[in-house]
Each structure stands twice: as structure tokens, then as C-alpha cells.
Amino acid sequence: MRTHQAVIAVLINLAMAGTLVGLLVRGRAGQYLAFVAYLCAFLTCETMVVVAPKRFYTPEFWMAKQALYDILRTTVALEMAWRVVRSFPGALRTARWLALALLGGATLLLASGPHRAPYNVVFTWQPRVVACTAMLFTLTALLVAWYHLPIRAFHRAIMGGFAIYSAFFATLLSLLQRWSWKYRVVLSAIDTLVFLAVALWWMRTAWTVQEEVMPQIDDLAPRPATEGVPEPKGAAA
């Protein structure tokens, strides 16, 4: 690992740690359980790479941790969709079937992924996984727009951050495959800088004091038909 790579990796870890601490301090960690699990896994794996690069800065470890990240990102996408639409029965029915279809495809794709495969398999396997995860986040965004659903600021940050980074990551993989490995250092630097920007966005939003209040199911329950209707004269007699 080169010096500039180690510096950027440390900065990303600090931003991700700041995001996790921000969620805990603001009392929001329970609202984003899958994302908290993703943050913990990311910090653990990336710290191992920074602390012991000779042992963990390898194609094999990269493939292993990337598979873990893919599974956790898919879980984050499903949790975000559920939390956004759970108070709205119509949106929930639509989301349930669409999410099941996408989840089934994503699960089959992850299960059929290569185990102990050559590193260059990332060009055919990883873009498909990224596409499945991006579709889940897109599904949630479409439901929010179609049903005009309320959504918290950090929900938007999570979905927007993953969507932006997934697009850059898939594009860089395509360029790397087309331009060969001699551009690996430059493209890797672009990849880490983009993710650093996303991590800083997450950290800033996690520490934000003001946040939209999402309605609960009880708040949306229809009121009784007689509530607020004046009682006829003589009814109490």
C-alpha cells in the first residue's frame, strides 16, 4: 500500500467512525441497524488493511470483504425500503412484491458468486451485484416519489451516497477493464476520493441536530367517523 493510499484510507475510516459515533450520540443508531452493521464491518476490515497491509492488502482479502460489503449493502437497501413504506399500506404492498423479486435475484447472484476465484472475475461479477443493490435503492426512491412519502435526511443521505458511489464504482471497473491494469493506481485514487466524499456527507448528516419526523402507524390511523361531530340536542336525555 502506497503512502497516499494509506492516508486516504485513514481519512475514510475517520469519517466512517465519525458517522457511527454521530448516530450513537444523536440516538439514531436504532433507526439504521443494517447501516450500523455495515459501518462496523467496514471499519473492522479497512483497519486491518491499514494496520497490516502485507497480510490483508491482497486480492483474496479484497474479494472477501467486498462480498461482505455487497451483502450488507443489500440488507441496508431492504431496511431502508421497509422503514420508509411500513406506515403506508398501499406503498408497502407494492414494495413487498418488488423487493422480493429484486431480493431473490440479488440473493441468487450473491450465492452463485465465485469463491476463491481469480481476481479478474470482479469485472463480470461485481457490476451485477452493484446493479442489483442500486435497483433496490432506486425502488425505494421511486416509491417515495410516487406516493409522496416523508423521509428522514439520513435516509436520503444513505440512498444518495450508495447510488452515487455505485455509479462511480461500476464506471471505474468498466474503464479499468477497457484501459488495462496500468491505470489501476489513478482509477483507485478516484474511487477512494469519491467514497471519502460520500463518507464525509454521511458524517455531516449523522451529526445534524434537526431532522424530519417520520409519522408512525398510530399517527396515520383513521379517526372514528363520529369524532368531532356535534352530538344532537336531546341525545343525552
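Calculation rules
- Residues numbered from 1 in each chain as written.
- Predicted model: local features only at pLDDT ≥ 70, side-chain atom pairs only at ≥ 80, totals over all residues.
- Heavy atoms only, no water.
- Patch = residues over 30% accessible without salt bridge, like charges linked within 9 Å, V, L, I, M, F, W, Y side chains within 5 Å.
- Areas by Shrake-Rupley, 256 points an atom, 1.4 Å probe, with all protein chains shown as cover.
- Salt bridge = Lys/Arg side-chain N within 4 Å of Asp/Glu carboxyl O.
- Buried < 20%, exposed > 50% of the residue type's maximum accessible area, 1.4 Å probe, protein only.
- pLDDT = per-residue confidence, 0-100.
- Helix = DSSP H or I, 4+ residues; strand = E, 2+ residues; numbered from the N terminus.
- Phe/Tyr/Trp six-rings, centres within 6.5 Å; stacked < 30°, edge-to-face > 60°.

Re a nonpolar patch on the surface
Inference 1: A surface patch of nonpolar side chains, amounting to about 330 Å² of accessible area, comprises Val7, Val10, Leu11 and Leu14.
Inference 2: Note on valine 10: relative accessible area 36%, which makes it partly exposed.

Structural notes on the confidence of the model for the protein
Inference 1: Averaged over the protein, the pLDDT score is 76; the fraction of residues at 70 or greater is 68%.
Inference 2: Per-element averaging of pLDDT across the protein places helix H9 (residues 217-220) at the bottom with 42 and helix H2 (residues 33-51) at the top with 95.

Side note on the packing of aromatic side chains
Inference 1: In total, this model carries 15 aromatic pairs according to the counting rule given.
Inference 2: Between tyrosine 32 and phenylalanine 154, the ring centres sit 5.0 Å apart and the planes meet at 70°, which makes this aromatic pair edge-to-face. You can see tyrosine 32 sitting in the loop between helix H1 (3-25) and H2 and its partner phenylalanine 154 sitting in helix H7 (residues 153-179), a full 122 residues away along the chain. Considered together, tyrosine 32 and phenylalanine 154 belong to a single accessibility category, that of buried residues.
Inference 3: Aromatic side chains phenylalanine 35 and phenylalanine 162 sit 6.2 Å apart centroid to centroid with 80° between the ring planes, which places their arrangement in the edge-to-face category. Here phenylalanine 35, found in helix H2, pairs with phenylalanine 162, found in helix H7; they are 127 residues apart in sequence, far enough to count as distant. Considered together, phenylalanine 35 and phenylalanine 162 belong to a single accessibility category, that of buried residues.
Inference 4: Three or more aromatic residues joined by ring pairs form one cluster here, namely Tyr32, Phe35, Tyr38, Phe42, Tyr69, Phe154, Phe162, Tyr165, Phe169, Phe195 and Trp202.

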